[in-house]
Number of protein chains: 2
Amino acid sequence: MGLIVQKFGGTSVGSIERIQNVANRVIQEAQRGNQVVVVVSAMGKSTDELVNLATQLTNTPSKREMDMLLTTGEQVSIALLSIALQAKGYDAVSLTGWQAGIKTEAIHGNARIVEIETDTLHSYLNNGKIVIVAGFQGITSEFNITTLGRGGSDTTAVALAAALRADKCDIYTDVTGVFTTDPRYVKSARKLQSVSYDEMLELANLGAGVLHPRAVEFAKNYAVPLEVRSSLELETGTRIEEEVSMENNLIVRGIAFEDGVTRVTIVGLKNGLHSLSTIFTTLANHGINVDIIIQSMTSQDETNISFSIHTTDLDETLTVLQSNQEKLGFHSIQSESSLAKVSIVGSGMISNPGVAAEMFEVLANNEIQVKMVSTSEIKVSTVVEERFMVKAVEALHEAFKLDELVTHSV
Amino acid sequence: MGLIVQKFGGTSVGSIERIQNVANRVIQEAQRGNQVVVVVSAMGKSTDELVNLATQLTNTPSKREMDMLLTTGEQVSIALLSIALQAKGYDAVSLTGWQAGIKTEAIHGNARIVEIETDTLHSYLNNGKIVIVAGFQGITSEFNITTLGRGGSDTTAVALAAALRADKCDIYTDVTGVFTTDPRYVKSARKLQSVSYDEMLELANLGAGVLHPRAVEFAKNYAVPLEVRSSLELETGTRIEEEVSMENNLIVRGIAFEDGVTRVTIVGLKNGLHSLSTIFTTLANHGINVDIIIQSMTSQDETNISFSIHTTDLDETLTVLQSNQEKLGFHSIQSESSLAKVSIVGSGMISNPGVAAEMFEVLANNEIQVKMVSTSEIKVSTVVEERFMVKAVEALHEAFKLDELVTHSV
């Protein structure tokens, strides 16, 4: 007999019919003889509706009171799922975050879990109950209700799995797993049987919302075996675990990409010691997220800096830089929009130094110019023209033999 | 500086505009230099909506899970009221039932408060905060969330007032106070300045929903001074307290009435020792609420029993009695519907033995036949034909000089 943690997101519990469906998935696991802990999010749009009520009162509600307000959404879900399971003849009990022993920092709206007291959970599990826990929420040492911020229910599920030493944590979502690339763009995309935690982090923007990076980090730190799978389809999903079998000896395991990228170049920046930090601190203070950064020295005194941003941030970036031109000391700013980032991801790269070169060759053979490059141990990112994005992904997907991947059923 | 507990029902917090209005009433009290604890119910129809979700899953949801589900309604209200007060520049904090230290029996759906730990409440009040507490809810010693049953938010307010030794507990509602009789039927009805707890209990069915009897009992036991007042009008309401000034030397303080009454008579009941208890235990087991009971001995061996019920319970009453005819041993059952109960209430009756006689004379002078009579120390109830109900109330209201009552403004 094992212990399984299952997590169902807001879409999966978005209606009474879907809650019935979730109950059936839970029962399948219980019928295999497993102890089951289920983490659920708020129903569909209910969180948005609560936020809307609060913003009718003020645009700046206190975070403590917003946590008080929003945590009711998950509380509704756990009660309804528990009622659904009981109606099907299964012994279930619902627990809020605090009842489940989830202790967090005293930070409202974005708290981190500091400890989970598992006595209550174990007690219910040992009494043969299916335990339904409200995701996204916890409690401070002062007994204030907190929320865990974005991806919170994923984090709740992983943290519970870690604390309970669960055999597995299944993240149920609206896709059947993690793919070699986005199947909406590339027909030959294949579902991966397994990826490592680090690969999952690098692939995070493939199928955004599948699994929150914070939850992946947590799972990595506590070696919690995850599986991303569909709440509607019965097929096996994608396992996320430390030791990944070298599936067909894949060096590259996935191809991530995003459009709407702009490259900004600051020309003739004075070569001061603090130039770089001043620029990027200034941008960060304005909430502008900078991705790839490249510096090229042009003379003894001056340098050029290029970085990529979301195109939606371009106007503010230009305003911020120009208003600080005197302080920063540069000649001019150039920018190029309608770009895209295409990355190959795979932990096999660490022992295969030629992978980046192979990527560049594939792109060159397809007459795609590389505008920027950035590398990490398990990822090579390139910036190309947006109109070549899908062509680049398809070419790389084929070149690294991802379309030959056979998905095994378990 | 005093400590005031204010309670606002679901209608008073039924929309964002109404929550703003409640916030203003709270601020008025705070501006007088008082410490304020506010108890609120769930917004308008939100409880009904939650019940509807659960009943889509099953008609018999577990009471524990219903408590988990329904308590979210008040949690939404407290967060929104706290946000509204903060937006108006006041320091407020919301607390769920358990955060406010409200401990109950381990009975779901209808728990009684056993203790209130006031440390948290005092701590927030001493820090100058307006404390907003979720009505209707508490927690068991096993940390399960409970609800207090019907009238629960009234009880929460009174219990908090008792535990905090508040100077006053104001129950805000959609009427301006307690009236001598129902102003919708009798134009000359007057608002009472004050009534005693016992009188309030006897008058409970006047303006049903003004104040739950359980809360009145609680207030009586702990001598909590109550005031029933309007959440929309600024005028003074009706005080409910032990020592009532003899307002205009009123012997009768109010006239209560209800229609839809049926009298059932069991004819020729065998005069056994357990006949009475068997009948009324059987009816109680079927959830049939019996009001007035009259027994008249007709012979040594047999007796007739009359009792009044709600007309809506008549069919089931007849079915239950007939299916037990052999066990109970009686000749026949008679019933008369389209009756009404009219009662005069006043603690002054205790020292005025002629009041019942005066009531019968008033009714006789108006050619209204009395079908049943029941008396208590502070109430005389009569059952009359439904078509004479309003006429009887008007005649009694005038005879006992309730229409001459002058309502003083404070």
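Thresholds applied
Residues numbered from 1 in each chain as written. Chains lettered and ligands numbered in written order. Predicted model: local features only at pLDDT ≥ 70, side-chain atom pairs only at ≥ 80, totals over all residues. Heavy atoms only, no water. Buried < 20%, exposed > 50% of the residue type's maximum accessible area, 1.4 Å probe, protein only. Helix = DSSP H or I, 4+ residues; strand = E, 2+ residues; numbered from the N terminus. Pairing = 2+ DSSP bridges. Contact = heavy atoms within 4.5 Å. Axes fitted to C-alpha atoms, helices over the stretch in contact; angles between N-to-C directions. Parallel < 35°, antiparallel > 145°, perpendicular 65-115°, else oblique. Left-handed = near helix turned anticlockwise from the far one by under 90°. Nonpolar A, V, L, I, M, F, W, Y, C, P; charged D, E, K, R; others polar. Salt bridge = Lys/Arg side-chain N within 4 Å of Asp/Glu carboxyl O. Least-squares fit on C-alpha atoms with pLDDT ≥ 70 in both. Polar contact = N/O pair within 3.5 Å; in protein donor to acceptor, adjacent residues only side chain to side chain. Domains from an automatic or database assignment. Buried area = accessible area lost by both parts, 1.4 Å probe.

1. Brief notes about the pairing of strand E9 (residues 168-173) of chain B
Residue and element names in this part refer to chain B.
Okay, step 1: Most of E9 sits inside the fold, with five of its six residues counted as buried.
Okay, step 2: When E9 meets strand E11 (residues 226-230), the two strands line up parallel, connected through five bridges. In the sheet register, Cys 169 faces E11, and the bridge partner there is Leu 226.

2. A few points about the side chain of Glu 199 of chain A
Okay, step 1: Note that Glu 199 of chain A resides in helix H6 (residues 197-202).
Okay, step 2: Setting aside anything within four residues of it in sequence, one finds Glu 199 of chain A in contact with Arg 253, Val 345, Gly 346, Ser 347 and Ile 378 of chain A.

3. Some thoughts on the packing of helix H8 (residues 275-285) of chain B against helix H9 (residues 314-323) of chain B
Residues and elements named next belong to chain B.
Okay, step 1: Orientation of H8 relative to H9, taken along the N-to-C sense of each, is 130 degrees, at an axis distance of 10 Å. In terms of orientation, H8 lies oblique with respect to H9. Considering how the two elements wind past one another, H8 and H9 form a crossing that is right-handed. Here Ile 279, Thr 282 and Leu 283 of H8 come into contact with H9, specifically with Thr 317, Val 320 and Leu 321.
Okay, step 2: The residue makeup of the contact of H8 with H9, split by class, is four nonpolar, two polar and no charged.

4. Looking at the pattern of salt bridges
Okay, step 1: On inspection of all chains with the given rule, the structure shows 38 salt bridges over all chains.
Okay, step 2: The salt bridge involving Arg 64 of chain B is made with Glu 65 of chain B; its shortest N-O contact spans 3.0 Å. There is no split in this pair, since Arg 64 of chain B and Glu 65 of chain B are both buried.
Okay, step 3: Through salt bridges with shared partners, a single network forms among Lys 168, Asp 170, Glu 227 and Arg 229 of chain A.

5. A few points about the relation of the copies chain B and chain A
Okay, step 1: With an RMSD of 0.2 Å, the fit of chain B onto chain A corresponds to turning through 179 degrees and sliding 0.2 Å along the axis. What we have between these two chains is a two-fold relation. In terms of proximity to the rotation axis, the leading residue of chain B is Thr 72 of chain B, whose C-alpha is 2.7 Å off the axis.

6. Details of the packing of helix H11 (residues 355-365) of chain B against helix H12 (residues 389-399) of chain B
Helix packing geometry: the angle between the two helix axes and the distance between the axes.
All names here are of chain B.
Okay, step 1: With their axes 10 Å apart at the nearest point, H11 and H12 run at an angle of 130 degrees to one another. Viewed along their axes, H11 and H12 adopt a mutual orientation that is oblique. Seen from above, H11 lies across H12 with right-handed handedness. Each of Glu 358, Met 359, Val 362 and Leu 363 in H11 lies in contact with H12, whose residues at this interface are Ala 392, Ala 395, Leu 396 and Ala 399.
Okay, step 2: The residue makeup of the contact of H11 with H12, split by class, is seven nonpolar, no polar and one charged.

7. Re the pairing of strand E15 (residues 302-310) of chain B
Residues and elements named next belong to chain B.
Okay, step 1: Of all nine residues that make up E15, seven are buried, and the element is covered over most of its length.
Okay, step 2: Bridge count for strand E13 (residues 254-270) against E15 is eight bridges, and the pairing is antiparallel. By the bridge assignment, Lys 270 is partnered in E15 with Glu 302.

8. Overview of the side chain of Thr 104 of chain A
All names here are of chain A.
Okay, step 1: Its location among the elements puts Thr 104 in strand E4 (residues 102-104).
Okay, step 2: A polar side-chain atom of Thr 104 sits 2.8 Å from a polar atom in the side chain of Thr 146.
Okay, step 3: Not counting the four nearest positions on each side in its chain, Thr 104 is found in contact with Ala 111, Arg 112, Ile 113, Val 114, Gly 138, Ile 139, Thr 140, Thr 146 and Leu 148.

9. A closer look at the domain arrangement of chain A
Okay, step 1: For chain A, the assigned domains read domain 1 (3-173) and domain 2 (254-404).
Okay, step 2: Computed over C-alpha atoms, the centres of domain 1 of chain A and domain 2 of chain A are 39 Å apart.

10. What to know about the sheet that holds strand E2 (residues 35-40) of chain B
All names here are of chain B.
Okay, step 1: Pairing is mixed across the open sheet formed by eight strands, whose spatial order is E3-E6-E2-E1-E9-E11-E12-E10. Each end of this open sheet is capped by a strand with a single partner; those strands are strand E3 (92-95) and strand E10 (194-195).
Okay, step 2: Relative to strand E6 (residues 130-134), E2 runs parallel, the two being bridged by four bridges. When the sheet's bridge partners are listed, Val 37 is paired in E6 with Val 131.
Okay, step 3: Most of the contacts of helix H1 (residues 16-31) go to strand E1 (residues 3-8), to which it runs at about 170 degrees, and overall it touches E1, E2, E6, E9 and E11.

11. Regarding the sheet that holds strand E10 (residues 194-195) of chain A
Strands pair in a sheet through their backbones, by hydrogen bonds, and they do so in one of two ways: parallel or antiparallel.
All names here are of chain A.
Okay, step 1: Within the open sheet, the eight strands sit side by side as E3-E6-E2-E1-E9-E11-E12-E10. Their pairing is mixed. Either end of the sheet is taken by a strand with one partner, and the two such strands are strand E3 (92-95) and E10.
Okay, step 2: Pairing analysis gives two bridges linking E10 to strand E12 (residues 238-240), with the strands arranged parallel. Paired with Ser 194 across the strands is Arg 239, a residue of E12.

12. A closer look at the interface of chain B and chain A
Okay, step 1: Taken together, the 40 residues of chain B in the interface contact 40 residues of chain A.
Okay, step 2: Counting each side, the surface lost to burial between chain B and chain A is near 3100 Å², with a carbon and sulfur contribution of 68%.
Okay, step 3: Ranking the residues of chain B by area buried against chain A places Leu 57, Glu 65 and Ile 83 of chain B at the top, with a combined share of 21%.
Okay, step 4: For the side of chain B that touches chain A, the secondary structure elements donating two or more residues are H1, helix H2 (46-55), helix H3 (63-87) and E3 of chain B.
Okay, step 5: With 17 residues, H3 of chain B is the single largest residue contributor to the side of chain B that touches chain A.
Okay, step 6: Within the side of chain B that touches chain A, the residues separate by chemical class into 25 nonpolar, 13 polar and two charged.

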